[in-house]
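Read off the chains here:
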Amino acid sequence: MAADPRVAHGQVAVERIDEGLRSYMLSVYNYMFLGLGLTGAVAFVTSQSPAALGLIHGTPLKWVLFAAVFGIAFFGAPRIVNMSVAAAHLTFWLFATVFGLLLSYIFVVYTGADIGRAFFMTAGAFGAMSLYGYTTKRDLSGFWPFLIVGLLTAVVASLINVIFLESTLFQAVLSVIVIAISLGITAFHTQMIKDLYYELSDGDTMTKVAVMGALLLYVSFINIFQNLLFLLGMMEE
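Residues numbered from 1 in each chain as written. Predicted model: local features only at pLDDT ≥ 70, side-chain atom pairs only at ≥ 80, totals over all residues. Heavy atoms only, no water.

(A) Examining the pattern of salt bridges more closely. Throughout the structure, instances matching the rule amount to two salt bridges. Note that E19 is salt-bridged to R22, the shortest N-O span being 2.8 Å. Remark: R22 and E19 occur in helix α1 (residues 5-47); sequence separation between them is three residues, near one turn of the helix. Among the ionic pairs, D114 bridges to R117, the shortest N-O distance being 2.6 Å. Taken together, the residues span about one helical turn, with D114 and R117 both in helix α6 (residues 112-135) at a distance of three residues. Given a relative accessible area of 3%, D114 falls into the buried group. (Salt bridge = Lys/Arg side-chain N within 4 Å of Asp/Glu carboxyl O. Helix = DSSP H or I, 4+ residues; strand = E, 2+ residues; numbered from the N terminus. Buried < 20%, exposed > 50% of the residue type's maximum accessible area, 1.4 Å probe, protein only.)

(B) Region of interest: the side chain of S158. Along the chain, S158 falls in helix α7 (residues 144-165). In contact with S158, not counting residues within four places along its chain, are Q171 and L174. (Contact = heavy atoms within 4.5 Å.)

(C) Quick look at the layout of surface pockets. When its volume is computed, the largest pocket comes out at roughly 1100 Å³. Broken down by secondary-structure element, the contributors of at least two residues to the lining of the largest pocket are α3 (61-76), α4 (85-102), α7, α8 (168-197) and α9 (203-235). A breakdown of the residues in the lining of the largest pocket according to their chemical character gives 22 nonpolar, ten polar and two charged. Estimated volume of the second largest pocket: approximately 270 Å³. Looking at the second largest pocket, it is lined by 18 residues, and the ones nearest its centre are A73, F74, W144, H189 and L216. (1 Å grid on protein atoms, 1.4 Å probe; cavity = no way out; pocket = protein on both sides within 12 Å on 5 of 7 lines; lining within 4 Å. Points joined across faces, edges and corners; volume = space filled by probe spheres on them. Nonpolar A, V, L, I, M, F, W, Y, C, P; charged D, E, K, R; others polar.)

(D) Representation of the environment of T186. By secondary structure assignment, the location of T186 is in helix α8. Residues in contact with T186, not counting those within four places in the same chain, are F126, M129, S130, L217, S220 and I224.

Following this line, the structure appears as structure tokens:
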């Protein structure tokens with residue numbers, strides 16, 4: 001009995017979609033890890049210059065840079081799709097560079113072993129939650145309002161603690177909360193990025209959405225890494 005050509009055509013279509021989705025998601029992760037690599041390189045090079053460290057972390061420039069990355073993450077990322085491809089790339093690489101300047105302190109405050117341990121722990125936890133977001137059939141969008149409000153509240157509380165309270169214990173509690181929230185955001189954004197693939201119609205739009213997705217996942221990765229590093233350093237004191 002001859003095979004139904006409609007079934008065969010459907011199977012080919014599904015295979016093409018799956019292959020396209022894999023390629024698309026791979027480009028998201030490639031952008032993200034290249035961005036992390038740039039951040040690490042900028043942070044390390046900057047840490048080798050006492051003058052640069054003093055300028056960034058000993059003056060109000062630190063808060064200007066923080067405001068820049070905060071603005072890009074929360075207000076610039078959603079607008080990447082409306083930019084040109086070149087502007088989308090520029091936004092992402094600029095973001096990764098500025099974050100590298102802000103993270104330059106870690107090479108002075110923490111040991112290489114702590115940094116490496118925090119990175120691999122972050123990669124494992126991030127990978128697990130991103131895989132969950134990619135594979136789950138459950139709609140995670142309902143969690144987003146709680147996640148974003150929780151993250152913003154924790155960030156504000158952390159700034160208040162740094163400026164006024166200077167409580168290590170309070171900061172440790174906030175770090176645990178931020179890690180948990182960032183893991184949830186990782187799953188949500190992975191699912192969102194995957195779902196957006198089915199709405200894309202051309203190559204340029206796909207590239208810009210991949211860059212936007214990379215930036216969103218990058219932020220979660222860095223949030224987890226920074227707070228894990230703080231907890232590891234605190235446990236060794």
